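# Commentary on secondary and tertiary structure
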Amino acid sequence: MLTNGGHHLTAWRHPKGQAGTGLDIKNYAQFAKMAEKGLLDALFIADVAALWGKDLDALSRTSRGEHYEPLTLLSYLAGVTTHIGLIGTATTSYNEPYHIARKFSSLDHLSGGRAGWNVVTSVVGDEARNFGRSEHFLHSERYERAEEFVDVVRKLWQSWADGAVVKDAVNGKYFLIEKVNAIHHKGKHFSVQGPLNISRTPQGEPVLVQAGASTSGKRLASRIAEIIFAPHDEINAARLYYAEIKSSAQALGRSENSIRILPGITPIVGKTRQKARDFFEQLQELVDPVLGRRLLADTLGDDIDLSPYDVDGPLPDIPQGNKGSRRDFALALAQEKQLSIRQLYLHLSERNAVVGTAADIADRFEEWYDSYAADGFNLFFPHDPGGIEDFVEHVVPELQKRGRFKTSYAGTTLRSHFGFDIP
């Protein structure tokens, strides 16, 4: 995952981090080239269509106040890389299917078949208010709309058949009209005629990515996602999630091999375990209470205000969220371990962190992969610059030595990296 200043909220303040890289395109290019040097499958950019958090005081203490629109940035990075996949986030709540189909088709064409779409439904309240609504669509409606949205996008991607573009200058035929068809979609949320105004892409369709945690989210992921960013940092919960998603997908007529489940991992790599732990504790010490409350409120939801409460006291009474949601996870954790507000937000900032040597990180990957808890991992590098360099220079060779990681790309498209068939 590519983030401004590193994944840890305080990394930009640490001597190993770097302030002011938010819009530095050279820094993004260097990151992308290093990821490709390390043979990583894809770059992923998360996004919300608003300032990332409603508390400007807290937000001003991070490097995330400004960030590029993902497709614009990925289009640039396509020009400085040749193999690595390019996954961007776009919401189904505040876009139209034709826009999204066209934009990701364009990215797929200009990158030679390396595009992926991370499908989200939006949870940040300010996103709704930035698009003329006082509040989000209801949870169930967001996911119902998302399912239809993705169906329309895929119909548009398929509105040009293979071989439609012939560029026959002699006979004056640029494309064959019998291979380009309107979709005439009329549903509850969308009415779209089509066809798309760009032809079928090099990998057939961009890869669909999703992060399903709630009941509705898991149902959507099982139905449409090819790559799923899993939410768990505990192996038994991850195994149960893995089995549930694969089983649900099979029940919908999909092959197990058509889905890759990738839990998030933040590798904190040191030459020794102590050096890795010392660095991580330095990052944690930089999390001040204003920022910590904001991190926790982002997890619990826009309707939660923790500012009146003592950070060393317990959470106030907070209603449960949607089953399996981030809110439910945090509330259950606080109750189970009797955590204070400070302890909970520090735990959340530590969540998914694997702290140790390159061998320790590789051990974690092997344990989860061999236990059917993961097909791979979504990597969050803690600081930038330096985080990805540590991983590529130390962990990748360790995995290759064990025969657990490739030594070259198998192809040039995102689908080829994951072994997916062309639709």
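Here, the structure is the one placed above.
This text gives an overview of the structure that appears in the document. (Residues numbered from 1 in each chain as written. Predicted model: local features only at pLDDT ≥ 70, side-chain atom pairs only at ≥ 80, totals over all residues. Heavy atoms only, no water.)

## Examining the side chain of S371
Relative to the elements of secondary structure, S371 occurs in the loop between α13 (358–370) and β12 (378–379). A distance of 2.7 Å separates a polar atom in the side chain of S371 from the backbone oxygen of E367. Leave out the neighbours within four places in its chain, and S371 touches I235 and R239. (Helix = DSSP H or I, 4+ residues; strand = E, 2+ residues; numbered from the N terminus. Polar contact = N/O pair within 3.5 Å; in protein donor to acceptor, adjacent residues only side chain to side chain. Contact = heavy atoms within 4.5 Å.)

## Structural notes on the packing of α13 against helix α14 (residues 387–401)
Running from N to C, α13 and α14 point in directions that differ by 55 degrees, and their axes come no closer than 9 Å. Taken together, the axis directions place α13 and α14 in an arrangement best described as oblique. The handedness of the crossing between α13 and α14 comes out as right-handed. Contacts between α13 and α14 involve A358, A359, I361, A362 and F365 on the former and, on the latter, F391, H394, V395, E398 and L399. (Axes fitted to C-alpha atoms, helices over the stretch in contact; angles between N-to-C directions. Parallel < 35°, antiparallel > 145°, perpendicular 65-115°, else oblique. Left-handed = near helix turned anticlockwise from the far one by under 90°.)

## Quick notes on the pattern of salt bridges
Applying the stated criterion across every chain yields a total of 19 salt bridges. Across the pair E398 and R402 runs a salt bridge, and its minimum N-O distance is 2.8 Å. A relative accessible area of 15% places E398 in the buried class. Connected through shared salt-bridge partners, D363, E366, D370, E398, K401, R402 and R404 make up one network. (Salt bridge = Lys/Arg side-chain N within 4 Å of Asp/Glu carboxyl O. Buried < 20%, exposed > 50% of the residue type's maximum accessible area, 1.4 Å probe, protein only.)

## Concerning the side chain of N118
When you line up the elements, N118 lands in strand β3 (residues 115–120). Within the local environment of N118, its side chain forms a polar contact with the side chain of T89, the two groups lying 2.9 Å apart. Ignoring sequence-local partners within four residues, the contact set of N118 consists of F44, I87, G88, T89, A90, V209, Q210 and F229.

## Focus: the nonpolar core
Core analysis: the biggest nonpolar cluster contains 75 residues, and L77, W117, F365 and F391 have the highest contact counts within it. If near-sequence neighbours (up to four positions away) are discounted, F391 is found in contact with L40, P267, I361, F365, L379, F381 and V396. Counting residues in each nonpolar core, the second largest holds 20 residues, with L296, I304, L331 and L348 among its members. (Core = buried A, V, L, I, M, F, W, Y, C linked by side-chain atoms within 4.5 Å.)

## Observations regarding α14
The terminal C-alpha atoms of α14 lie 21 Å apart, and with 15 residues this matches the ideal 21 Å at 1.5 Å per residue to within 8%. At V395, α14 shows its largest kink, close to 30 degrees, and the proline P397 lies no more than four residues downstream. Every buried residue belonging to α14 is among G387, I388, E389, F391, V392, V395, V396, E398 and L399, and all of these are buried. In this structure, the buried side of α14 is in contact with α1 (25–37), β10 (260–269), α13 and β12. After α14 finishes, the residue G403 shows a positive phi value of roughly 75 degrees. (Expected span 1.5 Å × (residues − 1). Bend = angle between axes of the 7 residues up to and from the residue.)

## A word on the environment of G85
With respect to the element layout, G85 can be found in strand β2 (residues 85–91). Along the chain, G85 and H417 lie 332 residues apart, while their C-alpha atoms are 8.1 Å from each other. Leaving out residues up to four positions away in the same chain, G85 has contacts with D41, A42, L43, R114, L414 and H417.

## Topic: the packing of aromatic side chains
Per the stated rule, a full pass over the model turns up 15 aromatic pairs. Each ring, one from Y94 and one from F131, has its centre 5.1 Å from the other, and the planes form 15 degrees; the classification is stacked. Highlighted residues: Y94 in the loop between β2 and α4 (97–111) and F131 in the loop between α5 (125–130) and α6 (139–157), separated in sequence by 37 residues. For F131, a relative accessible area of 42% translates into the label partly exposed. Here the aromatic rings of F149 and F190 are separated by 5.4 Å at their centres, their planes lie at 90 degrees, and the arrangement is edge-to-face. One end of the pair, F149, is in helix α6; the other, F190, is in the loop between β6 (185–186) and β7 (191–192), and 41 residues separate them in sequence. Residue F149 is classed as buried on the basis of its relative accessible area, which comes to 0%. Joined through ring pairs, the aromatic side chains of F31, F365, F377, F381 and F391 make up one cluster. Across from the ring centre of F279, 4.5 Å away, lies the NZ or CZ of K16, which sits over that ring. (Phe/Tyr/Trp six-rings, centres within 6.5 Å; stacked < 30°, edge-to-face > 60°. Lys NZ or Arg CZ within 6 Å of the ring centre and 35° of its normal.)

Honestly, that's just the spatial picture; any functional story needs more than this.
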